[in-house]
Amino acid sequence: MNSFEMSRFANFFKWHVATHKSEIIRQTGYAAIAMFLIIRIFDMGSYFSSMQSNPPIHIGFVTIAIVFAMYVAAASVFKDINKKEGYINLSMAPASVLEKYLTLLIYCTVLPFLLLILSYFIAEILNVLLFYIEGNQVQRIFIIDLLKVFVKTETEITLFGIFYMSLYVLGGSIFRKMPFLSTSAVIIAFMIFVTPWLGSALLSPTMDIEDYEHVFKFIGENTELVRWAVRIAVLLLSILNFYISYRIFKRMQVINNKWINL
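In short, a report on the structure. (Residues numbered from 1 in each chain as written. Predicted model: local features only at pLDDT ≥ 70, side-chain atom pairs only at ≥ 80, totals over all residues. Heavy atoms only, no water.)

With respect to the helices and strands, the residue His-16 is situated in helix H1 (residues 6-19). Each C-alpha atom of the pair His-16 and Ala-93 lies 9.9 Å from the other, and the pair is 77 residues apart in sequence. With residues near it in sequence (within four places) discarded, His-16 still touches Asp-80, Thr-103, Leu-104 and Tyr-107. (Helix = DSSP H or I, 4+ residues; strand = E, 2+ residues; numbered from the N terminus. Contact = heavy atoms within 4.5 Å.)

Glancing now at the environment of Tyr-120. Along the polypeptide, Tyr-120 turns up in helix H6 (residues 110-133). When its relative accessible area of 0% is taken as the criterion, Tyr-120 is described as buried. For Tyr-120 and Met-35, which are 85 residues apart along the polypeptide, the C-alpha to C-alpha distance reads 6.0 Å. (Buried < 20%, exposed > 50% of the residue type's maximum accessible area, 1.4 Å probe, protein only.)

You can see His-58 is positioned in helix H3 (residues 57-75). Judged by relative accessible area, which is 0%, His-58 ranks as buried. For His-58, the side chain forms a polar contact with the side chain of Tyr-120, separated by 2.7 Å. (Polar contact = N/O pair within 3.5 Å; in protein donor to acceptor, adjacent residues only side chain to side chain.)

The next point concerns helix H8 (residues 155-174). Along an α-helix, residues three or four apart share an orientation, since each turn contains 3.6 residues. Relative to the 28 Å expected for 20 residues at 1.5 Å per residue, H8 spans 29 Å between its end C-alpha atoms, a close match to the ideal helical length. Here H8 has its buried residues at Glu-156, Leu-159, Phe-163, Met-165, Ser-166, Tyr-168, Val-169, Leu-170, Gly-171, Gly-172, Ser-173 and Ile-174. (Expected span 1.5 Å × (residues − 1).)

On the secondary structure map, Leu-118 appears in helix H6. Considered as a pair, Leu-118 and Ala-31 are 87 residues apart in the sequence and their alpha carbons are 9.3 Å apart.

This part is about the nonpolar core. Grouped together as the largest cluster of nonpolar side chains are 39 residues, with contacts concentrated most on Ile-66, Phe-78, Ile-81, Tyr-120 and Phe-249. No other element matches the 7 residues that H3 contributes to this core. (Core = buried A, V, L, I, M, F, W, Y, C linked by side-chain atoms within 4.5 Å.)

Looking now at the packing of helix H2 (residues 21-42) against H6. Taken N-terminus to C-terminus, the directions of H2 and H6 make an angle of 50°; their axes are 7 Å apart at the nearest point. Considered as vectors, H2 and H6 are oriented oblique to each other. Note that H2 runs across H6; the crossing there is right-handed. By residue class, the composition of the contact of H2 with H6 is 16 nonpolar, 3 polar and 2 charged. (Axes fitted to C-alpha atoms, helices over the stretch in contact; angles between N-to-C directions. Parallel < 35°, antiparallel > 145°, perpendicular 65-115°, else oblique. Left-handed = near helix turned anticlockwise from the far one by under 90°. Nonpolar A, V, L, I, M, F, W, Y, C, P; charged D, E, K, R; others polar.)

Right under this line is the structure:
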C-alpha cells in the first residue's frame, strides 16, 4: 500500500468523521451553549450599538475559550486507539499509517477550530433570536470580529500557538491517562525548572557588560533577522514534535504500557 493517496485519505477521513458524528454534534452543542453564556454574561450591550469600532469584551473571553478547547482537543489525538477495540478498528481500516495519522491529527486540530467557530456563530444566532423575543433591536453581530482576531494575529504568536499545539499533540501521543493535564504539568515543570537553568547557561560568566551590550546592539540592528530566526526555529520544533508523535503512532501495538505509549 502506498504511503499516501489523496482519494484513499479523503475516504478514510470522511469515514472517521462519520463514525464520530454524534460526538461532533454533542461537543459542538456544548461549545455553543458555553459561548452563549459568555456572551450573555459579559457583553450583551454591544449588540445594541452599530457604532462600536473595537471588538466587544466577550470576543476576548471567547478567543481564550477557543484556544483552551483546541489544546484540550489536541491532547486527545489518540483517545480512540488508547483502547484495545479502537486500536483494532483503526488498524484494520483500508488506509496507510500516514493517512491514519493525518486523519487523527486533522480531526483533533483543524476540525475543532472550525467547529468552535461554528459554535460561536450558533451562539450568536441564539442570542440575537432571544433579543428579538425580548423586544430588542439588534444592530450587528460579531462573527467577523472573531475571525479577524485569528486572521490578523502576529506571525510569531500564531507560530507559538502552533508550537504549543504540537506539544499537546506529542503529549497526547505519549500519555494514555489524562493527556491534557499530564502534558500541561510537564510544560509547567519545564518552565519552572529547566528554563531558568538554560538562561543561566547562556549567561556565560566570562562575558562582561560590554559583551552583553554588543549582543543587544546586534539584536536591535538586526530585528527582522532575529524575528525570522525565531520563526524558523519555532516552526522546525513544531514539525519535530509532530514527527515524533507520528513515530510513536507507527510503533503502537494492541497492548501498550498502561500509562504511556513509549
